[in-house]
Amino acid sequence: MPQRSTKGTKKSENDLVQFHNVSFSLPSTQIISDLNLTVERGETLVLLGESGCGKTTTLKLVNRLLTPTSGEVLVEGKPTTSWDAIALRRRIGYVIQEGGLFPHFTIARNVGLVPALSGWEQARTRERVRELLALVGLDPDRFAERYPRELSGGQRQRVGVARALAADPPLLLLDEPFGALDPLTRASLQREFADLTKRLDKTAILVTHDVREALILGNRIGLMHQGHLLLLEPPDQFLAAGNPQARAYIETLEMVGGDR
Amino acid sequence: MSFWHFLQLNWSELLLLVRQHIVLVFIAILIAVIIGVPTGIALTRHRALRGPVLGLANVMQTIPSLALFGFLIPLPFIGGIGSRTALVALVLYSLLPIIRNTVTGILGVEPSVREAAVAMGMTDGQVLRQVELPLAMGVIVTGIRVATVIAVGVTTIAAAVGAGGLGVYIFRGLRQYDNNLLLAGALSAALLALAADFFLGLVERRFSFEAKRSSTARKVASVAGVAGVLLLILGGFAFWRSGAGPSPSEQGRVSIGSKDFTESALLAEIVAQMLEARGVSVERRFELGGNLPHEAMVSGTLDLYPEYTGTSFTAILHHAPISDPRAVYQQVNQEYADKFKVDVSQPLGFENTFAILVRGEEARRLNLKTISDAAPHTPRWRAGFGQDFMSRADGYPGFSKAYGLKFAEVREMDLSLTYIALSSRQVDLIAGNSTEGRIETLDLVQLVDDRHYFPPYEAVYLVRQDSLARVPALREVLSKLANGISTEEMRRLNYEIDGNKRDPKAVVKEWLGSKGL
């Protein structure tokens, strides 16, 4: 155990996020148990697991929507509890299912939110919003002044990604971002997202229960079960893993493949 | 008189009452919003306070409005009579819907939206101002809308504590059995409530983000916004105008009160007009319920009001009734000076005592002159008495015992209704007021109180001693009125107003002219 943390500290230059012996519990239940994990700059780490396994909680520990009951989470080498919460969150893009867009803001205002909060000039924010909408494949002239309810689910999700990218944060957190979309839209958004993170050299932690999504998007896949990280492997090694939980996921994949 | 004709004659007074009504509701809702919305916000942040505070606001709203006004009257600073008390009560009533809807609205914001706001790096204040409040606004406006409609209704009760508003017409209409007054008061209040509901409903739509807004809906919403602003401006204007009006009991100004029946208001109006003729400015606070005029005078809000010696003797000083007018007058005079620093004027020359009345034809047929004459007939008679007579110390229980009366049936009903009930043969004997104008017009006969059971109720003015010192004209006016009004005259004056539905001010002016006062 001490050996592992020494190893973590040594590599910290390149490690954007580190979990050191992190546990999180509510008064009656243990949600996360003794989690150790590092996320390197530029990689997309996918946390895979069923509902209630603690993957969303893990995500929320990074941008301090939650703080660990014990252990610590380091972002850029500094514990989240030492960060100013507001400053920390503005350095981290956050995308949730259905986008979590503000229904009373236009698309432009939704996307330009963090720049506006950070005190950017209006002209610069406006320019940035147009750039981002184009980046996620939405025509700024058509969409900027619309309201979220006037968009389709896929379009809203694109806006959610654009909003997370607005202030050019080094880290993105994504909580089942493509979960509520139809399979075709989901597939094309997954591809675009993979391109985008590669092109922009973003670090991302993505949470999903869809093993196919994990395999497409992840540089590494962490499998979580009942608050424990069972394994953490690149996709090819994940497919070869002997862990029964991992096998169960891989079998669902083969079953679907067999149907075709 | 047709309702239309009534409106033509009284539209300026009606507009004044509508304005008072709007001002009361507007200020009360404004204060309730200023208190209620921040309270609601605080409750969303402090879960532990939510139950107790909402519970308290809930309890406030279950107190019947008349009772709440009653509780407030004796309190210092927030109590007393007039619009301040009414405002306190109205604010208390308006708080619950506003606080509750603020809490519901904010807690009802989609959790994912709130989470996104926090995760974007918004401070708590930014989440509140930019996300929670805008999204909760529709629900909050609904609360304000509900509170406003309730307040328009409750404000009609505010007339009972002298705050004015449309309740003045409703109460007066109930007392005088004048459907035009009732209709004008109730209809205007209902229209006000509907109008407030409609405009605030439009404002509410403006803030609803759930419904898809087409361009026409957007147009309607902006019209509503304009209308809302107009309403606010109107309210503000009415407020400003009312602020420009006279304020209570200043130097050189005399504040005159009256009880809530025609004769008391008439007597108060007589003094008011005589003072005005002498260049004294007068504030009229007429038609106050219960013991309000007394309490208001003792507390210094009123300078003067008309009273009856027997009422002071029994109801205020709590003495057992006695029948000697001189003794009652002197006792009241003495004790008021000692206890309240209040002077009692010379008697005005008439009594307003309980008048035991029967139909004229019956009196003539059976040759009835006194109550004792009537006693043998009572086992075959039905009696109709007002609530007041049934309950007070010198009322029905002592009265029936003094004369040994046993009625076939005793009905408790509204005093004003008993006259009509008697003349239309639904009852056979009533206890009316001796100065009631309808005694003559309905051909009723007052039986003589031959055993001198009823205490004397001589009409007098009660006036604060410091007011007499401050306004010399008061003393002169009161001395001119000593023994100035006979019972017959009082009956005639009452009938001019209750029977002929004439304007009290005009009746008083005419009478003062005829007497050379």
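Residues numbered from 1 in each chain as written. Chains lettered and ligands numbered in written order. Predicted model: local features only at pLDDT ≥ 70, side-chain atom pairs only at ≥ 80, totals over all residues.

(A) Just the overall build of chain A, in detail. On a plain count of helices and strands, chain A comes out with 12 helices and 10 strands. For chain A, the residues scored as buried account for 44% of the 260 residues in total. Residue pairs in contact within chain A that sit at least 24 positions apart in sequence constitute 67% of those at least 6 positions apart. (Helix = DSSP H or I, 4+ residues; strand = E, 2+ residues; numbered from the N terminus. Buried ≥ 20, exposed ≤ 12 C-beta atoms within 10 Å, placed from the backbone. Contact = placed C-beta atoms within 7 Å.)

(B) Looking closely at the overall build of chain B. Counting secondary structure elements, chain B contains 23 helices and 10 strands. Counting all 517 residues of chain B, 44% fall into the buried class. Of the contacts made within chain B by residues no fewer than 6 positions apart, 77% connect residues no fewer than 24 positions apart.

(C) Quick look at the packing of helix H1 (residues 3–45) of chain B against helix H4 (residues 83–107) of chain B. All names here are of chain B. Axis separation between H1 and H4 bottoms out at 6 Å; the angle between their running directions is 40°. In terms of crossing hand, the pair formed by H1 and H4 is right-handed. Its residues assigned to classes, the contact of H1 with H4 shows 21 nonpolar, 7 polar and no charged. (Axes fitted to C-alpha atoms, helices over the stretch in contact; angles between N-to-C directions. Left-handed = near helix turned anticlockwise from the far one by under 90°. Nonpolar A, V, L, I, M, F, W, Y, C, P; charged D, E, K, R; others polar.)

(D) Main features of the interface of chain B and chain A. Taken residue by residue, the interface counts 16 residues in chain B and 16 residues in chain A. Put simply, the parts of the chain that give the side of chain B that touches chain A at least two residues each are helix H5 (111–119) and helix H6 (124–155) of chain B. If one sorts the elements of the side of chain B that touches chain A by residue count, H5(B) sits on top with 6 residues. For the side of chain B that touches chain A, the class distribution of residues is 10 nonpolar, 4 polar and 2 charged.

(E) Representation of the sheet that holds strand S6 (residues 92–96) of chain A. Residues and elements named next belong to chain A. Taken together, the 6 strands give an open sheet; going across it, the order is S6-S7-S8-S3-S9-S10, and neighbouring strands pair in mixed fashion. Each having just a single partner strand, S6 and strand S10 (228–233) make up the two edges of the open sheet. Neighbour-to-neighbour, the strand axes of this sheet turn through a mean angle of 15°, independent of strand direction. Bridging between strand S3 (residues 44–48) and strand S9 (residues 220–225) involves 4 bridges; their strand directions are parallel. By the bridge assignment for S9, Val46 is matched with Ile221. (Pairing = 2+ DSSP bridges.)

(F) The sheet that holds strand S8 (residues 429–433) of chain B, seen in detail. All names here are of chain B. In spatial order, the strands read S7-S6-S8-S5-S9; together these 5 strands make up an open sheet with mixed pairing. A strand with exactly one partner marks an edge of an open sheet, and here the two such strands are strand S7 (409–412) and strand S9 (444–447). Taken over all neighbouring pairs, the strand axes of this sheet differ in orientation by 35° on average, direction set aside. In this sheet, S8 lies alongside strand S6 (residues 382–385) in parallel orientation, the contact comprising 2 bridges. Across the sheet, residue Ala383 finds its bridge partner in S8, namely Leu429. Most of the contacts of helix H18 (residues 415–423) go to S8, to which it runs at about 140°, and overall it touches strand S5 (354–359), S6, S8 and S9.

(G) Quick look at the nonpolar core. All names here are of chain B. In this structure, Leu24, Ala28, Leu90, Ala151, Val271 and Leu462 are the most contacted members of the largest nonpolar core, which totals 181 residues. The dominant element in this core, judged by the number of residues it contributes, is H4, at 14 residues. Both of domain 1 (3–243) and domain 2 (253–351 + 462–515) provide at least three residues apiece to this core. For Leu24, the residues in contact, after removing those within four places along its chain, are Ser83, Ala86, Leu87, Leu90, Thr155, Ala158, Ala163 and Gly165. Grouped together as the second largest cluster of nonpolar side chains are 25 residues, Ala355, Ile356, Ile371 and Ile430 included. (Core = buried A, V, L, I, M, F, W, Y, C linked by C-beta atoms within 7 Å. Domains from an automatic or database assignment.)

(H) Examining helix H17 (residues 396–403) of chain B more closely. Residue and element names in this part refer to chain B. Within the sequence span of H17, burial applies to Tyr396, Phe399 and Tyr403. Buried residues of H17, viewed axially, fall in a sector of 65°; they line one side. Exposed residues lying more than 90 degrees from the buried face of H17 are Pro397 and Lys401. One or two positions beyond H17, positive phi appears at Gly404, with a value near 60°. (Arc of directions from axis to C-beta.)

(I) Structural context of unusual backbone geometry. Residue and element names in this part refer to chain B. The backbone of Glu287 shows a phi angle near 60°, a positive value even though the residue is not glycine. Locating Glu287 in the fold gives a position in strand S2 (residues 281–288). Given 25 C-beta atoms within a 10 Å radius, Glu287 is considered buried.

(J) Structural context of helix H2 (residues 55–62) of chain A. Residue and element names in this part refer to chain A. The element H2 is largely enclosed, with a buried count of 7 among its 8 residues. By the burial criterion, the buried members of H2 are Lys55, Thr56, Thr57, Thr58, Leu59, Leu61 and Val62. Just downstream of H2, Arg64 is the residue with a positive phi angle, here 60°.

(K) Spotlight on the pairing of S10(A). All names here are of chain A. Of the pairings in the sheet, the one linking S9 to S10 comprises 5 bridges and is antiparallel in character. Residue pairing for S10: Leu223 is matched across the bridge by Leu231. Counting the residues between successive antiparallel strands, the hairpin from S9 to S10 contains 2 residues, one of them, Gln226, with a positive phi of roughly 45°.

(L) Summary view of the packing of helix H12 (residues 309–316) of chain B against helix H13 (residues 325–340) of chain B. Residue and element names in this part refer to chain B. Interhelical geometry of H12 versus H13 gives an angle of 60° and a closest axis separation of 9 Å. As the angle between them shows, H12 and H13 are arranged oblique. Considering how the two elements wind past one another, H12 and H13 form a crossing that is left-handed. Counted together, Thr309, Gly310, Ser312 and Phe313 of H12 and Val328, Tyr329, Gln331 and Val332 of H13 form the full contact between these two elements. Class assignment of the residues belonging to the contact of H12 with H13 gives a composition of 4 nonpolar, 4 polar and no charged. (Parallel < 35°, antiparallel > 145°, perpendicular 65-115°, else oblique.)

(M) Inspection of the environment of Gly404(B) at higher detail. All names here are of chain B. Relative to the helices and strands, Gly404 resides in the loop between H17 and S7. Residue Gly404 is classed as exposed on the basis of its 10 C-beta neighbours within 10 Å. Measuring from C-alpha to C-alpha, the distance between Gly404 and Thr378 comes to 9.6 Å, with 26 residues separating the pair along the chain.

(N) Broad picture of the confidence of the model for chain B. Residue and element names in this part refer to chain B. Counting all residues, the mean pLDDT for chain B is 85, and 89% of those residues have values of 70 or more. With pLDDT under 50 throughout, residues 211–215 is counted as low confidence; its partners more than four residues away or in other chains account for 2 contacts. Within the model, pLDDT remains below 50 along residues 237–250, and this stretch shows 21 contacts once partners closer than five positions in the same chain are excluded. (pLDDT = per-residue confidence, 0-100.)

(O) Molecular detail of the pairing of strand S1 (residues 253–259) of chain B. All names here are of chain B. Burial within S1 is extensive, with 6 of its 7 residues counted as buried. Summarising the sheet, S1 and S2 pair through 6 bridges and their orientation is parallel. Bridging from a neighbouring strand, Arg253 pairs with Ser281 of S2. On the question of chirality, the crossover connecting S1 to the parallel S2 by way of helix H10 (residues 262–277) is right-handed. (Right-handed = clockwise from strand over helix to strand, strands pointing away.)

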